[in-house]
Amino acid sequence: METAKENKIANKPNKLHYQGASAQAIQYHYDLSNEFYQLWLDTTCSYSCALWEDAETLEEAQIKKLDYHITQAGAQEAQHVLDIGCGWGSILKRLVNQYHVKQAVGLTLSQAQQDWIATWNHPQIDVRLEGWAEHQPEIPYDAIISIGAFEHFANTKLSSAEKVDAYRNFFNRCHEWLKPGGRISLQTIIYENAGEEDVNSFLSQEIFPDSALPRLAEIVQAAERIFEIDILRNDREYYVRTLRAWLKNLRANRAEAIQLVGEKQVAAYEKYFGIAMIGFHSGNLNLSRISLKRIDAPRFNKH
Amino acid sequence: MNNQNSIRTVTASQIQEWIITYLVDELDLNKDEIDVQAPFTDFGLDSSTAVILTGDLGEWLGYDLDPTLLLDYPTLETLVNHLAIENQNC
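Fair warning: this is a prediction, and the values are worked out from it, not measured in the lab. (Residues numbered from 1 in each chain as written. Chains lettered and ligands numbered in written order. Predicted model: local features only at pLDDT ≥ 70, side-chain atom pairs only at ≥ 80, totals over all residues. Heavy atoms only, no water.)

### Topic: the packing of aromatic side chains
All names here are of chain A. To keep things clear, this is the line we draw: A pair of Phe, Tyr and Trp rings is counted when the ring centres sit within 6.5 Å of each other, with Trp represented by its six-membered ring. The angle between the planes then sorts it: under 30 degrees is stacked, over 60 is edge-to-face, the rest tilted. Under the DSSP-based scheme used, a helix requires at least four consecutive residues in state H or I and a strand at least two consecutive residues in state E, with every element numbered from the N terminus. Partly exposed residues are those whose accessible area sits between 20% and 50% of the maximum for their type, while under 20% is buried and over 50% is exposed, using a 1.4 Å probe and protein chains only. Placement of a charge over a ring requires the Lys NZ or Arg CZ to be within 6 Å of the ring centre, with the centre-to-atom vector within 35 degrees of the ring normal.
Within the structure shown, the criterion is met by 34 aromatic pairs over all chains. Seen from their ring centres, W132 and F170 are 5.3 Å apart, and the 75 degrees between their planes marks the pair as edge-to-face. Remark: F170 occurs in helix α7 (residues 160–177) and W132 occurs in the loop between β3 (125–129) and β4 (141–147); sequence separation between them is 38 residues. The two residues W132 and F170 agree in class, both being buried. Aromatic side chains W246 and F273 sit 5.9 Å apart centroid to centroid with 50 degrees between the ring planes, which places their arrangement in the tilted category. Note that W246 is positioned in helix α10 (residues 236–252) and F273 in helix α12 (residues 263–282), a separation of 27 residues in sequence. One exposure class covers both W246 and F273, and it is buried. In this structure, K93 is placed above the aromatic ring of W120, and the distance from its NZ or CZ to the ring centre is 4.3 Å. Looking at K271, its charged tip hangs above the ring of F202, at a distance of 4.2 Å from the centre.

What follows is the structure, encoded as structure tokens:
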């Protein structure tokens, strides 16, 4: 049984070499305009694939997605939960308001997102402008959730082996931060029947610069022997449906969107949604939701 | 693209003519190179062009088309048949 370790994390110097997308690349995309994103996202401002199942509206499907991850991470009524890549705070808000979580910590590299969440002045929500590699929590987490951020954890210059190393660093950090028995609920886009060489250059250069998507095998390899994969579900057709809803909303609010960000950006987003829809519908891309359980006594040196 | 446009009633041959003209212009093809039963990918049509094609075709027809349409109807013949039936029901 771990005792002292449960309550405090060793304060180590941070020597990690972060190999994901730069803060500048993140801000290039996510700091475009909060008002623009609000025009076509649902009211929770959830900017990732929804979980449609029986849901009829985008908002219902996004709430199902949030609830799925909260449940898979075992975060209900927890003391201390981390959301890595917290976006505009949809999970953080739901954790403290609906799931009685005492303290929800959100990490983002987007200044606009941090500013947005900070305006809530919620005493149980702590949003930080920092990446996972810089994060040094004082006390361990009960659960970790990361939705639509893993896509940015490796930059485009890395080989597959280097990507696995970068992801391994991430999972090692999560392992250090989690209490025994803790879980991660992860959602990410992956390459399915495609590789980096097949990715549409418009998407990789103009929409999401500096980010290389993972392959499922790379994630599995990176987590191996420190996390047990509990449940994996792939939901690419749900991303087609989510993107279709965003496209419909954007078209319905086109005039206002042009006023906010200009016609060129609006056209670029319409094109990005369309290309991504084709990517998911064709099976070139997939959307993975992975529930991982911490292996509390790894049988080898995890570093 | 523009929901204020009125819906254009068209025949299958008009739709086919529109798409062929589009492919000839965009992909620099000769008209006689276009086989109505060949997959669009044979003409070098990529996802960016498919998105723009469905956007422009939707604008011409007066209603939005799904960007994934060319995956579900991957040849000119199947696409035109689908669109002609849809157009009749508008």
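We are not done yet, so read on.
### A closer look at the pattern of salt bridges
Residue and element names in this part refer to chain A. Stated formally: Salt bridges are defined as contacts in which a side-chain nitrogen from Lys or Arg sits within 4 Å of a carboxyl oxygen from Asp or Glu.
By the definition in use, this model includes 17 salt bridges over all chains. Here R173 and E176 are joined by a salt bridge, their closest N and O atoms 4.0 Å apart. Note that R173 and E176 are positioned in helix α7 at a spacing of three residues, about one turn of the helix. Linking E270 and R254 is a salt bridge whose minimum nitrogen-to-oxygen distance equals 2.7 Å. With E270 in helix α12 and R254 in helix α11 (residues 254–261), this pair connects stretches of sequence that are 16 residues apart.

### Some points on helix α2 (residues 23–30) of chain A
For an α-helix, 3.6 residues make a turn, and residues three or four places apart therefore share a direction. All names here are of chain A. Put simply, the rule reads: Along the arc lie the directions from the helix axis toward the C-beta atoms. Whether two residues are in contact is decided by their heavy atoms, any of which lying within 4.5 Å being enough.
Considered for burial, the residues of α2 that qualify are A25, I26, H29 and Y30. Across the axial projection of α2, the buried residues extend over an arc of 115 degrees, all falling on one side. Tucked inside the fold, the buried residues of α2 contact α3 (34–40), α6 (111–118), α8 (201–207) and α12.

### Considerations on the interface of chain A and chain B
One frequent convention defines the size of an interface as the accessible area lost when the parts assemble. Where we set the bar: Buried area: the accessible surface (1.4 Å probe) lost by two parts on joining, summed over both. Within 3.5 Å is the distance limit for a polar contact, defined as a pair of N or O atoms, with the added protein rule that one can donate a hydrogen and the other accept it, and that residues adjacent in sequence qualify only through two side-chain atoms.
Contact with chain A, which involves 13 residues of that partner, is made by twelve residues of chain B. When chain A packs against chain B, close to 1,200 Å² is buried across both sides, 64% of that on carbon and sulfur atoms. A per-residue breakdown of the area chain A buries against chain B is headed by R251, I278 and H281 of chain A, which together make up 49% of the total. At the junction of chain A and chain B, the tally comes to two salt bridges. Joining chain A to chain B, the criterion identifies two residue pairs in polar contact (both at pLDDT 80 or more).

### What about a negative patch on the surface?
All names here are of chain A. Selection criterion: Residues qualify for a patch when their relative accessible area is over 30% and they have no salt bridge, like charges being joined within 9 Å and the nonpolar side chains of Val, Leu, Ile, Met, Phe, Trp and Tyr within 5 Å. Per-residue and other accessible areas follow the Shrake-Rupley method at a 1.4 Å probe size, with only the shown protein chains counted as cover for residues. Just so you know, the count uses Lys and Arg for positive and Asp and Glu for negative, and it drops His and the chain ends. Positions of charges follow a simple convention, taking NZ of Lys, CZ of Arg, CG of Asp or CD of Glu.
Where like charges cluster on the molecular surface, the negative patch consists of D54, E56, E59 and E60. Within the element layout of this structure, E56 appears in the loop between α3 and α4 (58–72). E56 gets classed as exposed once you look at its relative accessible area, which sits at 69%.

### Digging into unusual backbone geometry
Trans is the prevailing form of peptide bonds, just as negative phi is the prevailing case for residues other than glycine. Residue and element names in this part refer to chain A. Positive phi, close to 40 degrees, is recorded for E53, a residue that is not glycine. Looking at the secondary structure, you find E53 in the loop between α3 and α4. Judged by its relative accessible area of 40%, E53 is partly exposed. One non-glycine residue, H100, adopts positive backbone phi at about 55 degrees. Checked against the element boundaries, H100 lands in the loop between α5 (90–97) and β2 (103–108). H100 sits in the exposed class, given a relative accessible area of 53%.

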